[in-house]
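Secondary and tertiary structure notes
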Amino acid sequence: VHILAVSTYELGHQPHHLALATAALTARGHTVQPIDLAVDQWRTTLLVDVDAIVVAVPMHTAMRLALDVVGSIRRERPQIPVAMFGLYAIEDMAPDGVARFAGEFLEPLTEWADAIARDTHPVDLAAAVRTASPRTLIPLRDTLPGLDNYARLSHEGDERTAGYVEASTGCRHRCRHCPVPVIYDGRVSIADPDTVLADITQQVEAGAAHITFGDPDFLNAPVHSRRVVAAMHDRHPDVTFDATVKVEHILDRPQIWAEFAAANCLFVVSAFEILNDDILARLDKGHSAADIARAVDLLRDHGIEIRPSWLPFTPWTSIVDIVDVFRFIASNDLIPNTDPVQLAIRLLIPKGSLLAGSDDASDWLGDFDADRLSYTWVSSDAAVDDLQRRLHVLAESHNHDDPVATFQRMWNEVAARADIDPESITIPAGAALARPRLMENWFC
Ligand code: SF4
């Protein structure tokens, strides 16, 4: 059948989910037309001569955008079969009548398309697959927009084309605010190392000089990850890389960092969230504030920078917690490493979230907001909610400014609300452009 494969947003990189679905559906003999709406415009003429549509929803923002696309499809072609696939393709999030394949989606998605080709009604319209045998399918990227359309690496004043691969999916952990355990429940699937290397190689040949390992956590399967990094460095010795690793794994495998630094690891993305140990325990993060400081030092000892992601605003956050986050960032020389939008992030609680099932949820959890795709909640201190809204406005309106200047603006606001002297922390000028980063703010 002729399938339109749609991606709405994948954090600024060439959409991996779309490339995988395109490869799987093409291998089964379907004709696939991929479109990435982060680069191209949606238009209803795309629906002409199409037999089925698949839409990637690997993350929150992608799902919100995808719902608009599905609404447009339904108005134009109400009868056409539509499937959503990826982490957010779950019950109560996808619209009625749309097939949904979460987790390891390749097999059920292709079976769904095969059933349409056979002109039989697909039997399974929903699947949440937690494990799969090692993936040997190489993502098909030739028909996607070129890598130059996507986020580049910025480092020491230079820009380099970046690629993106995944060596594993799922996660061994069950952080209570995270959408991954909702589907994977502590399971991890890996991609065959030669397959990952082939994907890296095709992107290097397309111009990539830097690779992002987008695994939920690159050290969930450390032996596998080390093998992949070693193979990449052997084959492409000038290529640099970044990966996402939780604080706990940074610290419990200290011997890895010399090896990764020697293989050109430039930075690690790590979810610090907040410095309040009680809140970290509520989220089941597996680390403390003291661990965060040790992780920064350990990686710096090896010349690797951390780009932290933060979750400052939760139902339990006080103004003092926000002050602590700003102070920590300034005193650990992390201002250039921190995208300002991170400092205004408010906890999202999607359907199925482990947090929504907490014993005391009735004390703080509100109704589900179908527009935001999150349960609502309010802080017990209205001043904290008000500060979050103000910081969000500042981060958004100064998104393209020097991050150090934006941090200063945000800190001035925090200090005023906390009634403390803004000069009580030192904010050095410059440096932001020297530190390695991808030129797209991380946003979930
Ligand atoms: S936050 Fe990271 S470590 Fe925790 S469950 Fe999610 S992916 Fe795993």
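The notes below deal with the structure included here. None of the values given here were measured: they were computed from a predicted structure.

Interaxial distance between helix H13 (residues 382-397) and helix H14 (residues 403-418) falls to 10 Å at its minimum, and their mutual angle equals 160°. Judged by the inter-axis angle, H13 sits roughly antiparallel to H14. Read as a crossing pair, H13 and H14 show a hand that is right-handed. Contact with H13, carried on its side by Ala 383, Asp 386, Leu 387, Arg 390, Leu 391, Leu 394 and Ala 395, involves Thr 406, Arg 409, Met 410, Glu 413, Val 414 and Arg 417 of H14 and no other residues of that element. Looking at the contact of H13 with H14, its residues break down into 7 nonpolar, 1 polar and 5 charged.

What the 7 strands build is an open sheet, ordered E14-E13-E12-E11-E8-E7-E17; its pairing is mixed. Of all the strands in the sheet, the pair left with one neighbour each is strand E14 (305-310) and strand E17 (437-438). Contacting strand E13 (265-273) and E14, helix H10 (residues 289-301) crosses the sheet at an angle of about 155° to E14.

Turning our eyes to something else, we now look at the sheet that holds strand E6 (residues 126-129). If you walk across this open sheet you meet the 6 strands as E2-E1-E3-E4-E5-E6, and the pairing is parallel. Of all strands in the sheet, those with a lone pairing partner are strand E2 (31-36) and E6, marking the two edges. Sheet twist, expressed as the mean angle between neighbouring strand axes with direction ignored, is 15°. In the sheet, strand E5 (residues 99-103) pairs with E6 via 4 bridges, with the strands oriented parallel. Directly across from Gly 103, in E6, lies its bridge partner Val 129. The strands touched by helix H2 (residues 60-76) are strand E1 (2-7), strand E3 (52-56) and strand E4 (82-85); relative to E4, the strand with the most contacts, the crossing angle is about 175°. Together, E1, E3, E4, E5 and E6 form the strand contacts of helix H3 (residues 106-117), whose direction differs from that of E3 by roughly 165°.

Below, the discussion takes up the pairing of E4. On E4, burial covers both faces: Val 82 and Met 84 on one face and Ala 83 and Phe 85 on the other are all buried. Here E3 runs beside E4; their pairing, made up of 4 bridges, is parallel. From the neighbouring strand, Ala 56 faces E4, where its bridge partner is Phe 85. Taking the sense of rotation as the criterion, the β-α-β connection linking E3, H2 and E4 turns out right-handed. In this sheet, E5 lies alongside E4 in parallel orientation, the contact comprising 3 bridges.

Turning to the pattern of salt bridges, a few remarks are in order. Overall, the coordinates contain 23 salt bridges when judged by the stated rule. Among the ionic pairs, Asp 360 bridges to Arg 282, the shortest N-O distance being 3.0 Å. Taken together, the positions of Asp 360 in the loop between helix H11 (319-331) and helix H12 (361-364) and Arg 282 in helix H9 (residues 277-282) put the pair 78 residues apart, joining distant regions of the chain. What makes Arg 282 partly exposed here is its relative accessible area of 32%. When the shortest N-O distance is used, the salt bridge between Glu 413 and Arg 390 registers 3.3 Å. Separated by 23 residues along the polypeptide, Glu 413 in helix H14 and Arg 390 in helix H13 bring together distant segments of the chain.

Now for the environment of Glu 104. By the element assignment, Glu 104 lies in the loop between E5 and H3. Note on Glu 104: relative accessible area 16%, which makes it buried. Residues Glu 104 and Thr 31 lie 73 residues apart in sequence; the distance between their C-alpha atoms is 22 Å. Those residues in contact with Glu 104, other than ones at most four positions away along the chain, are Val 129, Arg 130, Thr 131, Ala 132, Thr 169, Tyr 184 and Ser 189. Side chain to side chain, Glu 104 and Tyr 184 meet in a polar contact 2.7 Å long.

With that settled, consider the nonpolar core. Where a protein is soluble and globular, its nonpolar side chains tend to be buried together. Core analysis: the largest hydrophobic core is formed by 79 residues, its most contacted members being Phe 213 and Trp 257. Counting residues per element, this core draws most heavily on H11, at 8 residues. Apart from the residues lying within four places of it in its own chain, the contact partners of Trp 257 are Leu 219, Val 245, Ile 250, Val 268, Leu 298, Leu 299, His 302 and Ile 304. Listed in part, the 31 residues of the second largest apolar core include Val 70, Ile 73, Met 93 and Ala 102.

Here we come to empty space enclosed by the protein. If you walk through the whole model with that rule in mind, you get 1 cavity of 30 Å³ or more. As a volume, the largest cavity reaches approximately 50 Å³. Lining the largest cavity, in full, are Leu 87, Tyr 88, Ile 90, Pro 179, Val 182, Ile 183, Pro 350 and Lys 351. Per-class residue counts for the lining of the largest cavity are 7 nonpolar, no polar and 1 charged.

Rules behind the numbers
- Numbering of residues starts from 1 in every chain and runs along the sequence as written.
- In view of the model being predicted, local features appear only for residues whose pLDDT reaches at least 70, and side-chain atom pairs are presented and counted only at 80 or more, with totals across whole chains, interfaces and linings using the full set of residues.
- Calculated side-chain values reflect all of the structure's heavy atoms, with hydrogen atoms and water omitted.
- Axis angles are defined between N-to-C directions and span 0 to 180 degrees, where every axis is a line fitted to C-alpha atoms and, for a helix, only to the segment in contact.
- The helix and strand labels rest on DSSP assignments: H or I over at least four residues marks a helix, E over at least two residues marks a strand, and numbering proceeds from the N terminus.
- The labels follow the angle: roughly parallel below 35 degrees, roughly antiparallel above 145, roughly perpendicular from 65 to 115, and oblique for the rest.
- In this scheme the handedness of a crossing depends on how the near helix is turned from the far one: anticlockwise by less than a right angle means left-handed, clockwise means right-handed.
- Contacts are residue-level and defined by heavy atoms, with any inter-residue pair within 4.5 Å sufficient.
- Under the scheme applied here, ten amino acids are nonpolar (Ala, Val, Leu, Ile, Met, Phe, Trp, Tyr, Cys and Pro), four are charged (Asp, Glu, Lys and Arg), and all others, including Gly, are polar.
- Pairs of strands are assigned from DSSP output, requiring at least two bridges between the strands.
- Only protein chains enter the accessibility calculation, which uses a 1.4 Å probe; a residue is then buried when its area is under 20% of its type maximum, exposed when over 50%, and partly exposed in between.
- Looking down the strands as they point away from the viewer, one classifies a crossover as right-handed if the path from the first strand across the helix to the second runs clockwise.
- We define a salt bridge as a side-chain nitrogen of Lys or Arg found within 4 Å of a carboxyl oxygen belonging to Asp or Glu.
- Two N or O atoms count as a polar contact when they lie within 3.5 Å, although within protein this holds only if one can serve as hydrogen donor and the other as acceptor, and sequence-adjacent residues are included solely when both atoms are side-chain atoms.
- Nonpolar cores are built from buried Ala, Val, Leu, Ile, Met, Phe, Trp, Tyr and Cys residues. Side-chain atoms within 4.5 Å join them into one set.
- Only protein atoms enter the 1 Å grid used here. Points where a 1.4 Å probe fits but cannot escape make up a cavity, open sets with protein on both sides within 12 Å along at least five of seven lines make up a pocket, and a residue lines them when an atom lies within 4 Å of a point.
- Grid points are joined across faces, edges and corners, and a volume is the space filled by probe spheres set on the points.

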